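The lines below spell out each chain.
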Amino acid sequence: MERRAPSPRVRRVRVPSFLAGRCVPSDPGPRLHHPGSRRHTGKMAALLPAEWIKNWEKGGKNEFVQLCRTLSENKSHDNIGFRDIQQALYELAYHVVRGNLKHDQASNVLGDVIEFREDMPSILADVFCILDIETSCLEEKSKRDHFTQLVLACLYLVSDTVLKERLDPETLESLGLIKQSQQFNQKSVKIKTKLFYKQQKFNLLREENEGYAKLIAELGQDLSGNITSDLILENIKSLIGCFNLDPNRVLDIILEVYECRPEYDDFFVPLIESYMYMCEPQTLCHILGFKFKFYQDPSGETPSSLYRVAAVLLQHNLIDLEDLYVHLLPGDNAIIEEHKREIVEAKQIVRKLTMVVLSSEKTEEKEKEKEKEEEKTEKPPDNQKLGLLEALLKIGDWQHAQSIMDQMPPFYATSHKPIAIALCQLVHVTIEPLYRRVGVPKGAKGSPISSLPNKRAPKQADSFEDLRKEVFNMLCYLGPHLSHDPILFAKVVRLGKAFMKEFQSDGSKQEDKEKMEILFSCLLSITDQVLLPSLSLMDCNACMSEELWGMFKTFPYQYRYRLYGQWKNETYNSHPLLVKVKAQTIDRAKYIMKRLTKENVKPSGRQIGKLSHSNPTILFDYILSQIQKYDNLITPVVDSLKYLTSLNYDVLAYCIIEALANPEKERMKHDDTTISSWLQSLASFCGAVFRKYPIELAGLLQYVANQLKAGKSFDLLILKEVVQKMAGIEITEEMTMEQLEAMTGGEQLKAEGGYFGQIRNTKKSSQRLKDALLDHDLALPLCLLMAQQRNGVIFQEGGEKHLKLVGKLYDQCHDTLVQFGGFLASNLSTEDYIKRVPSIDVLCNEFHTPHDAAFFLSRPMYAHHISSKYDELKKAEKGNKQQHKVHKYITSCELVMAPVHDAVISLHLPKVWDDISPQFYATFWSLTMYDLAVPHSSYDREVNKLKVQMKAIDDNQEMPPNKKKKEKERCTALQDKLLEEEKKQLEHVQRVLQRLKLEKDNWLLAKSTKNETITKFLQLCIFPRCIFSAIDAVYCAHFVELVHQQKTPNFSTLLCYDRVFSDIIYTVASCTENEASRYGRFLCCMLETVTRWHSDRVIYEKECGNYPGFLTILRATGFDGGNKADQLDYENFRHVVHKWHYKLTKASVHCLETGEYTHIRNILIVLTKILPWYPKVLNLGQALERRVHKICQEEKEKRPDLYALAMGYSGQLKSRKPFMIPENEFHHKDPPARNAVAATVQNGPGGAGMPTSLTINTVRLEEGTTEETDKLKEKSQGVVKVINKAVNATPKVTTSNGNSASNSKIIKEKDDKEKSGKEKDKEKKDKTPAATPEMKALGKDGKDKPKEERANKDDKAREIKEKTPKSDKEKEKVKKEEKASKEEKSKTVVTIVESKSTAEKEREKEPSRERDVAKEMKSKENAKGGEKMPVAGSLKSPVPRSETSESEREQKRRKVDTHSSPSHSSTVKDNLNELKDSSAKHYINHTTPTLSKSKEREVDKKDLDKSRERSREREKKDEKDRKDRKRDHSNSDREVPQDSTKRRKEENGTTGSSKHSKSESPSDSPRLNEKEKEKNKSKSSGKEKSDSIKAEKMEKSSSGSKKESRHDKEKTEKKEKRDSTGGKEEKKHHKSSDKHR
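Parameters at a glance
- Residues numbered from 1 in each chain as written.
- Predicted model: local features only at pLDDT ≥ 70, side-chain atom pairs only at ≥ 80, totals over all residues.
- Heavy atoms only, no water.
- Helix = DSSP H or I, 4+ residues; strand = E, 2+ residues; numbered from the N terminus.
- Buried < 20%, exposed > 50% of the residue type's maximum accessible area, 1.4 Å probe, protein only.
- Contact = heavy atoms within 4.5 Å.
- Areas by Shrake-Rupley, 256 points an atom, 1.4 Å probe, with all protein chains shown as cover.
- Axes fitted to C-alpha atoms, helices over the stretch in contact; angles between N-to-C directions.
- Parallel < 35°, antiparallel > 145°, perpendicular 65-115°, else oblique.
- Left-handed = near helix turned anticlockwise from the far one by under 90°.
- Nonpolar A, V, L, I, M, F, W, Y, C, P; charged D, E, K, R; others polar.
- Salt bridge = Lys/Arg side-chain N within 4 Å of Asp/Glu carboxyl O.
- Disulfide = S-S within 2.5 Å.
- Patch = residues over 30% accessible without salt bridge, like charges linked within 9 Å, V, L, I, M, F, W, Y side chains within 5 Å.
- Lys, Arg positive; Asp, Glu negative; His and termini not counted.
- Charge placed at Lys NZ, Arg CZ, Asp CG, Glu CD.
- Phe/Tyr/Trp six-rings, centres within 6.5 Å; stacked < 30°, edge-to-face > 60°.
- Lys NZ or Arg CZ within 6 Å of the ring centre and 35° of its normal.
- 1 Å grid on protein atoms, 1.4 Å probe; cavity = no way out; pocket = protein on both sides within 12 Å on 5 of 7 lines; lining within 4 Å.
- Points joined across faces, edges and corners; volume = space filled by probe spheres on them.
- Core = buried A, V, L, I, M, F, W, Y, C linked by side-chain atoms within 4.5 Å.
- Polar contact = N/O pair within 3.5 Å; in protein donor to acceptor, adjacent residues only side chain to side chain.

Asker: Could you give me a rundown of the overall build of the chain, with the residues and numbers involved?
Answerer: Regarding its fold elements, the chain presents 75 helices and 0 strands. Going through the 1637 residues of the chain one by one, you find that 55% of them count as buried. A separation of at least 24 residues holds for 80% of the contacts in the chain among residues at least 6 apart in sequence. For the chain, the computed accessible surface area is about 73,000 Å², with 52% contributed by carbon and sulfur atoms.

Asker: Give a detailed account of the packing of helix α24 (residues 510–537) against helix α27 (residues 576–595), specifying residues and quantitative values.
Answerer: Look at α24 against α27: their axes get within 10 Å of each other, and the N-to-C directions meet at 55 degrees. One way to sum up the angle between α24 and α27 is to call them oblique. Crossing geometry of α24 relative to α27 is assigned as left-handed. The segment α24 lies against α27, with Pro 533, Ser 536 and Leu 537 engaging Leu 577, Leu 578 and Val 581. Class assignment of the residues belonging to the contact of α24 with α27 gives a composition of 5 nonpolar, 1 polar and no charged.

Asker: Give me the lowdown on the pattern of salt bridges, citing residues and values where you can.
Answerer: With the rule as written, the count across this model stands at 50 salt bridges. One salt bridge connects Arg 308 with Asp 265, and the closest N-O pair in it is separated by 2.8 Å. A residue pair is termed long-range when its members are at least 10 positions apart, and Arg 308 in helix α15 (residues 304–315) and Asp 265 in helix α13 (residues 265–275) qualify at 43 residues. Ionic pairing is found between Asp 1201 and Lys 804, a salt bridge with its closest N-O pair at 3.0 Å. One end of the pair, Asp 1201, is in helix α57 (residues 1200–1216); the other, Lys 804, is in helix α39 (residues 803–827), and 397 residues separate them in sequence. With a relative accessible area of 18%, Lys 804 lands in the buried category. Residues participating in the shared-partner salt-bridge network are Arg 249, Asp 252, Glu 256 and Lys 291.

Asker: Mind laying out the state of the cysteines, listing which residues take part and the relevant values?
Answerer: Tallied over the entire structure, the rule returns 0 disulfides. Between Cys 1085, a free cysteine, and Cys 1084, which holds the nearest cysteine sulfur, the sulfur-to-sulfur gap is 5.4 Å. Among the residues examined, Cys 1085 registers a relative accessible area of 6% and is labelled buried.

Asker: Give me the lowdown on the packing of helix α25 (residues 542–552) against helix α31 (residues 646–660), citing residues and values where you can.
Answerer: Two elements in contact, α25 and α31, have axes separated by 7 Å at closest approach and are oriented at 65 degrees. Counted together, Ser 545, Glu 546, Leu 548, Trp 549 and Phe 552 of α25 and Ser 646, Leu 647, Asn 648 and Asp 650 of α31 form the full contact between these two elements. Residues belonging to the contact of α25 with α31 are distributed by class as follows: 4 nonpolar, 3 polar and 2 charged.

Asker: Give a description of a positive patch on the surface that names residues and reports values.
Answerer: Taken together, Arg 588, Lys 594, Arg 595 and Lys 610 make up a surface patch of like positive charges. It is α27 that contributes the most residues to the positive patch, 3 residues altogether. Note on placement: Lys 594 falls in helix α27.

Asker: I'd like a description of the environment of Ile 319, backed by residues and values.
Answerer: In this fold, Ile 319 is placed in the loop between α15 and α16 (321–325). Looking at Ile 319, the relative accessible area reads 4%, which means it is buried. Once you skip the residues sitting within four places of it in the chain, Ile 319 turns out to touch Leu 284, Cys 285, Leu 288, Ala 310, Leu 313, Leu 314 and Leu 324.

Asker: For the packing of aromatic side chains, give the residues involved together with the corresponding values.
Answerer: Tallying each qualifying case throughout the model produces 50 aromatic pairs. Aromatic pair Phe 292 and Tyr 307: ring centres 5.8 Å apart, planes at 35 degrees, arrangement tilted. On the criterion of sequence distance, the pair formed by Phe 292 in helix α14 (residues 281–294) and Tyr 307 in helix α15 is long-range, its members being 15 residues apart. You can call Tyr 307 buried: its relative accessible area is 6%. Look at Phe 294 and Tyr 295: their rings are 5.1 Å apart centre to centre, the planes differ by 80 degrees, and that puts the pair in the edge-to-face class. A relative accessible area of 25% means that Tyr 295 is categorised as partly exposed. Directly above the ring of Tyr 591 sits Arg 595, whose terminal nitrogen or CZ lies 3.7 Å from the centroid. The aromatic ring of Tyr 1107 is capped on one face by Lys 1047, whose charged end is 4.7 Å from the ring centroid.

Asker: Any chance you could break down a negative patch on the surface for me, citing the residues and the numbers?
Answerer: A grouping of Glu 502, Glu 511, Asp 512, Glu 514 and Glu 517 is seen on the molecular surface, where their side chains present a negatively charged patch. By the secondary structure assignment, Asp 512 is in helix α24.

Asker: Kindly report on a nonpolar patch on the surface, identifying the contributing residues and their values.
Answerer: A cluster of nonpolar side chains, contributed by Ile 191, Leu 195 and Phe 196, occupies part of the molecular surface with about 360 Å² of accessible area. Assignment of secondary structure puts Ile 191 in helix α9 (residues 181–197).

Asker: Could you give an account of empty space enclosed by the protein, naming the residues involved and the relevant values?
Answerer: In this structure, the largest cavity occupies an estimated 100 Å³ of space. If you trace the largest cavity, you find it lined by Ile 431, Phe 464, Leu 467, Val 471, Phe 472, Leu 475, Val 492, Leu 495, Gly 496, Phe 499, Leu 519 and Leu 523. Among the secondary structure elements, those contributing two or more residues to the lining of the largest cavity are α22 (464–478), α23 (486–504) and α24. Considering every element that reaches the lining of the largest cavity, the biggest residue donor is α22, with 5 residues. Here the lining of the largest cavity is built from residues that sort into 11 nonpolar, 1 polar and no charged.

Asker: Just give me the short version of α14, but keep the residues and values in it.
Answerer: Within α14, the full set of buried residues consists of Thr 283, Leu 284, Cys 285, Ile 287, Leu 288, Gly 289, Lys 291 and Phe 292. As for α14, its buried residues are in contact with α12 (247–260), α13, α15, α16 and α19 (384–395).

Asker: Provide a residue-level description of the nonpolar core, including the pertinent values.
Answerer: Of all hydrophobic cores here, the largest spans 316 residues; its most connected members are Leu 388, Phe 685, Leu 782 and Phe 1082. At 11 residues, the largest contribution of residues to this core is made by α31. Every residue in contact with Leu 782, bar those within four places of it in the chain, is listed here: Leu 701, Val 704, Ala 705, Leu 708, Leu 719, Leu 773 and Phe 820. Leu 67, Tyr 94, Val 96 and Cys 129 belong to the second-largest nonpolar core, a separate cluster that totals 45 residues.

Asker: A description of the side chain of Lys 770 should follow, citing residues and the corresponding values.
Answerer: Structurally, Lys 770 is set in helix α37 (residues 763–775). With no salt bridge to any partner, buried Lys 770 finds its closest opposite charge in Asp 832, at an N-O distance of 4.7 Å. With residues near it in sequence (within four places) discarded, Lys 770 still touches Phe 823, Asn 827 and Leu 828.

Asker: Describe the side chain of Thr 414, listing the residues and the values that go with them.
Answerer: Positionally, Thr 414 belongs in the loop between α20 (398–406) and α21 (417–439). Among the polar contacts made by the side chain of Thr 414, one reaches the main-chain carbonyl oxygen of Tyr 477 at a distance of 3.2 Å. When neighbours within four sequence positions are excluded, Thr 414 is seen to be in contact with Met 405, Ile 419, Ala 420, Leu 423, Tyr 477, Leu 478 and His 481.

Asker: Talk me through the environment of Asn 317; I want residue IDs and the actual numbers.
Answerer: Within the fold, Asn 317 resides in the loop between α15 and α16. The sequence separation of Asn 317 and Glu 273 amounts to 44 residues, and the corresponding C-alpha distance is 9.6 Å. Contact partners of Asn 317, with chain neighbours within four places excluded, come to His 400 and Arg 456.

Asker: Residues and numbers for unusual backbone geometry, please.
Answerer: In the segment running from Leu 329 into Pro 330, the intervening peptide bond is cis, with an omega of -5 degrees. For Pro 330, the position within the fold is in the loop between α16 and α17 (332–354). The residue after Tyr 1174, namely Pro 1175, is reached through a cis peptide bond having omega 0 degrees. Summarising the element assignment, Pro 1175 is placed in the loop between α55 (1157–1169) and α56 (1178–1198). Despite not being glycine, Lys 1047 has its phi angle at roughly 55 degrees, a positive value. Tracing the backbone through its elements, the reader meets Lys 1047 in the loop between α49 (1030–1045) and α50 (1053–1062). Under the relative-accessibility criterion, Lys 1047 is labelled partly exposed at 38%.

So this is what it looks like as structure tokens:
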């Protein structure tokens, strides 16, 4: 069978390389040159210049020959030399064609040149071929002829065979080389046909069935013998030759047989390799490609055997992958399109899951989905590339497999399960030896995997270094699809675990360490790219999760969290499958969370657990987002997390931190005053979940520390919650006093009675927290950061923020510090604590920790240290006596505290240590409530609770006996523990008190004034600490009391309390909310102590009577300091307490009236705290109540939180109202009979119910000289005695309800007792020489209701004279009034009568001493007259007052009588008088009068007469108006409170203002103006009132005037007798007075 060859014209003559691809121009001029040449057109002459042609014979010929020789010898650039020769010959021939050179000349020279190169004839033939084509196209015949002649001349140089091959048949004919060109053409076609188109071999089996049958028999025989591939190859060759078999077909059959006998690789591969030497290299590839194409029909399926054969041939490099790859389908573009389509589909699924589909649409959706699924079920065409890839992986040809996968999108190949499994199998084989060596868990057998029989497969890994070469790479190609083989997953993880073990062990060389570092980073990459994504695709495999945690827990948390972050935020977007999984997880999570309640925690928990094993990050992210919105989910969620794996708990910790750190979330609410609820919810969840489950805390704690470093304190909320829940240490301002008391006991008592919830099972969780802090060295840094941040809050965060929020943050920071410090103190061992906390000076000076915080951190260290030293000393000497123990304890204290005493010196300026010693400072800051007192009542309370519990257990019939027994044992054990703890604390407190007793003398150095000492004590000790914590507030109050009880030298208790209560406005205003609460607690405890002393004379005498803290005059050191006269007596102490109460009211009202948020809030908090002890006085309580009521009305709409506070306080205040008492019951408005202490006299209006201002005395007396102090003391003492007697005679007339019946009754009773004999007594006694002006001043002081300023001076003398006549009238009056006020009468009468009688007794005791003192005083006053006047400042001299007293009295009387306040008539009158003179009185006491005695007498007489007349008139009016008064009593009562309290406020304010003579004296003058205003007001209001009210007042004033007239008489008689009578006479009088009594 033959096919004709094509026409010979089609076959063009071979174009020489130097002209290949160029078009031949119509004019073949010399411009033509071959394109490969270096020389271009302009440089043609360089080879064969025109001169050579012109002078050919002369020199041109030789030049040309020389050129050709040179070009032939240039072997270095062979190709270039060859081309140059071609060009030289071409140019020479062309000159011949042009006629420039003769053909014989050219042939001669060519003859010379031809021997220069072997291939020169071939080059010349090429030149002739080109010229043949060029000249045949030309019209000029001459040129064609020249060409023909040249070829003919050169025939001897080029063989005719070469020319026949290259020249055109027509040219050959013209040259005579062939006869006819046509015949030549026909002959060549026949030869070609025979050569190329006649079949000489058979490629169809049927054409040569015998030959092919023999071939198949050869290949299919049993190959087990000695048959080799070479032997078979020889036979195959023979068969091909014998039967004319087609060699390509033979190769195809060899491949077919190999496909059927895959186990004979060792035979077939060498056979094919040898056979290929006989074929072209591409043949095998084409045959295989042809086979693959055969299966590319839509219905075709490529057999795996073919893939395997192709894979083996590729592995043995018999074919190239690039050559075969092009034959395989589908194309790469189609694969990329498919991958993109998958991603789009995945996103659509996600969109569908997140969309809310209405029920009507759901059915349509489902139908559409079904149709789509049906379409998908049509089988996709076979992917031959993946088939080949699988085969390559199965035989272990990793290189080729890798290059195929590189052509595809990432993870596209392995997303097909067969490929993923094949690759996993390859990894199994590769890691087998290493896994057997280091990975198999102890006790596990495992099933070994045999290696591949293939020598070209990847080398198996024997060391971790080998893993890097191939295995890690294979795993990276696997990616998330390692999920198909959980066993391999576990193996890889175990290898990772083994590697980490080796990596973390020390002792390797530096080079090894570097290698290990690289391996470690590879392991992290594998974890990120392979292990975690694979876990996401696994179907809830808890074991894998736990296995992975085994490796993860060896990573530092920073790496773990980085991995979780990648997993959560990036991995899920990298692959369509993961995108779907994420959407499904969220969908499922929504489903579970919608149904989660407290009731179904278990089933929901199991579902959450299942879901979390594979996709924890997605699940927890959703759960946390729900918790942030709905905080009521916290408890059920925490309970439902019990089915999580360890890895999941760790992921949860990461997710929590990520949620906290979310930069898009605002940490404040929109009002900028409160912390956002999402943050509070998260913090609460944190605390609960970290306590309940074993989650690592380091990351969370470090996060908080980092936030603090960045100056952000919001996240302290988390730390606070975690410590509270895990360690059971609560920080709350709302503790009851019982709880607070329990907190001062031991640990057991704290746990039982100190917290709100019962703290159970915190041992493990607090241990975990402690370990986390110590392992990561976060304990001290967190403390220091908090301590620094506390003040930083105000300056760094406080700029634009609302004051309320700044306060909240400050409190949060402070509370967390206190709580955290408390946790460290109770959980760290002594060694740990001492090792971590630096000394106090380092803390303060280097770390800039505030002093209160620094001591707070160091305090447990001192306590631990002392106790350990004490134990050492006890062991060293076995002495059991209490004394020995105390001695050892004190020694250990000295050892521990001595360095602290030295260290604290650097904390303050040297000047500070002039007032208080470093030892005192350190002692104050280092002790706690535990050291000062044993809370016996708390211990008893808890023990009783346990007894009740045990009884309840006994009575419980339902409880099984064994449980009963257990519970009882628990209660008994607890009870024993508590009792043991109480005993231990008692011993400890006794030791501490012994120690303080020894220390106390060195505490206060008194190098400056006592006032300064108290200032330093309050400034550096009390105030910083009392707002540190609630227990510290109680501690401060107790410590002050303790310092007092220890009779500490140079400590003035009175001064200390006075400074604390006197002006609390600034302190309150500068507190945060919680600080205000603690400050309130402090004031409450201070008030408690004061109230206890105030309540009972016996207690006062016992606890204060003889104590240096209650000295009111501070003698020079040479004097007897314990003299009773120097002590503040009980009644004056009550005045002082009233002053303090008044001061508190004044400060409170001021704060409430400012309108400032902070002031109002803080004072309300403080007032609520001190409610048990303040207000006690009715009028002060009413003033507060009105003000608070106003706040309630004002703030209801504006500031609801203030409104709530005010309402709360208002309600509590009302409930306390029944316990409040009138002012006269709180303190007697007359000074007590015997020793109205110097302070009272000096400070003025104590007797009139005004508070005594002590501070002035102490300050002034401290700063004056010793001499002055003594003189003043003596003066004042003398004065005291005199006034006491005078006052004693004066009946006491204070009532606060406007009922003067009791007053008159008192007068009556007194008069009954004191008849005419008594008058004489008094006259004699009163002769003691005291200056008259002072008597006047004291008259003012001592009176309870003086109506006129000047009249007071003479009243007392008059009263004594007139007692007998007045008493009868009084009796009558009393009878009429009795009905109106029975109840009040009885109370007041009894008390006042008692006080009178005691006063009289006291007076009798010391007649002679009083006399002597009075004498001394008189002489000193005369000597020093006017010395103290400058101090009085703007006060007037008393002289004009006594002269003009008459007219003033009358005016005032009228004013007062018209006043409208019956219930406070006496008080109001006092006020009016005393308001003017409050400060004046103080100074008058110290001034010597300038009046002469005669003048005084005259004035006194006048006063006497006038007052008598007045009093008689009044008595008549009184009786008339009594009935009217009863009728109108109720009306007038209503109007009382406001006026009276205002007055009382003002009255008290004036006295208060005289407290600090230096700082507050300016306030006196404005106060006086206010009082004048009050008078005017009272006038106008009085006119509108009924006559009955006037009458009542008249009646009262009449009783007063009686006393005044007596008093005046008494005075004048005293004066007259004083001049004439001597000492003896006085003694007689005393005796007679004794008889009378």
